[in-house]
Amino acid sequence: MGFALVYLLCVMVLLPALCTSQDTFTRSRATYYGSPDCYGTPSGACGFGEFGRAIYAGNVAGVAGLYRNGTGCGGCYQVRCTKPKYCGDEGVSIVVTDYGEGDKTDFILSPRAFARLARPNLASELFPYGVVDVEYRRISCTYSGYNLMFKVHENSKFPHYLALFVIYAAGQNDITAVELWREDCQQWRAMRRAYGAVWDMASPPSGSIKLRFQVCGSAGTKWVQPTNGLPSDWKGGVAYDSGIQLT
């Protein structure tokens, strides 16, 4: 059997495993970063801006290994610490909004998220440890009342440069590619992952823009085309409703 065929078979076997949900807990460590209001930071490496500061009531985190060159941005995890005296049973549900490396930690939590690790009224006892042993697992993101949305990045320059990112992506799904439809040549054209969760394209199609994105989730990998795209007069800083939601 040739090398190329062996490689192809390995990819076919491993790719679904990389996209499936995580039912068991993994042991690790977590710490927290400073924040004037205990929320996240609007300058996180995922590029979510203000959305990344306050989503999930500010229960957000920076990660290193789970960042996966930006593919991990927007992923949700249940994190719970393992000091029975101080730690609650359920821990906290967080969203990945940033990249961050700590002292053998998988999570650098916002202060609000770190406090949620503790039993009621015991957060002040947990903070002095700085770094705590935890266990975590991937869970489904839930956004009640929201469809998946495309947020046009503030750095976009209509009509010459388009950058965007996906927000309110429910379930256990990774966005692994985004494409725009070019009516003039009847082809889908790939956007570039600029950084984190931000995708961009110079000289995007004129007029209203159809999009589709590749989703890697518990059901495997598939292309999803939203009901709605971007209007012909899209604007930086505006979020547009896709008309669909992931599961």
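Summary of the structure given here. (Residues numbered from 1 in each chain as written. Predicted model: local features only at pLDDT ≥ 70, side-chain atom pairs only at ≥ 80, totals over all residues. Heavy atoms only, no water.)

## Considering the nonpolar core
Counting residues in each nonpolar core, the largest one holds 44 residues, and the members touching the most others are Val79, Ile94, Phe107, Leu109, Leu117 and Leu126. Broken down by secondary-structure element, the contributors of at least two residues to this core are strand 2 (60-63), strand 3 (76-81), strand 4 (92-99), strand 5 (107-109), helix 3 (111-116), strand 6 (132-139) and strand 8 (161-167). Residues Phe150, Leu164, Leu211 and Tyr240 belong to the second largest nonpolar core, which totals 23 residues. (Core = buried A, V, L, I, M, F, W, Y, C linked by side-chain atoms within 4.5 Å. Buried < 20%, exposed > 50% of the residue type's maximum accessible area, 1.4 Å probe, protein only. Helix = DSSP H or I, 4+ residues; strand = E, 2+ residues; numbered from the N terminus.)

## A look at the pattern of salt bridges
Under the defined criterion, the tally for this structure stands at 12 salt bridges. Its salt-bridge partner being Arg53, residue Glu50 comes within 2.5 Å of it at the nearest N-O pair. With Glu50 and Arg53 both in helix 2 (residues 50-54) and 3 residues apart, this pair spans about one turn of that helix. By relative accessible area, which is 47% here, Glu50 ends up partly exposed. Overall, the relative accessible area of 19% leaves Arg53 in the buried class. Asp89 is the salt-bridge partner of Arg119, the closest N and O atoms lying 3.9 Å from each other. (Salt bridge = Lys/Arg side-chain N within 4 Å of Asp/Glu carboxyl O.)

## Overview of the sheet that holds strand 5
If you walk around this closed barrel you meet the 6 strands as 1-5-2-4-3-6, and the pairing is mixed. Going from strand to strand, the sheet's axes swing by 45 degrees on average, the running direction of each strand aside. Here strand 2 runs beside strand 5; their pairing, made up of 2 bridges, is antiparallel. Looking at the pairing, Ala61 lines up with Leu109 of strand 5. (Pairing = 2+ DSSP bridges. Axes fitted to C-alpha atoms, helices over the stretch in contact; angles between N-to-C directions.)

## Points about the packing of aromatic side chains
If you walk through the whole model with that rule in mind, you get 17 aromatic pairs. For the pair Tyr67 and Tyr99, a centre-to-centre distance of 5.2 Å together with 80 degrees between the ring planes defines the contact as edge-to-face. Placement of the pair is Tyr67 in the loop between strand 2 and strand 3 and Tyr99 in strand 4, with a sequence separation of 32 residues. Tyr67 sits in the buried class, given a relative accessible area of 10%. (Phe/Tyr/Trp six-rings, centres within 6.5 Å; stacked < 30°, edge-to-face > 60°.)

## A few points about the state of the cysteines
Here the structure, examined in full by the defined rule, presents 3 disulfides. The disulfide bridge from Cys46 ends at Cys73, spanning 2.1 Å between sulfur atoms. Judged by the sign of its S-S torsion, about -85 degrees, the cystine formed by Cys46 and Cys73 is left-handed. Note that Cys46 is positioned in the loop between strand 1 (26-32) and helix 2 and Cys73 in the loop between strand 2 and strand 3, a separation of 27 residues in sequence. Here Cys46 matches Cys73 in class, with each residue buried. The disulfide bridge from Cys81 ends at Cys87, spanning 1.9 Å between sulfur atoms. Here the S-S torsion is close to -120 degrees, and the disulfide linking Cys81 with Cys87 is therefore left-handed. The same class applies to Cys81 as to Cys87, namely buried. A disulfide-free cysteine, Cys38 has its sulfur positioned 17 Å from the sulfur of Cys81, the nearest such atom. (Disulfide = S-S within 2.5 Å.)

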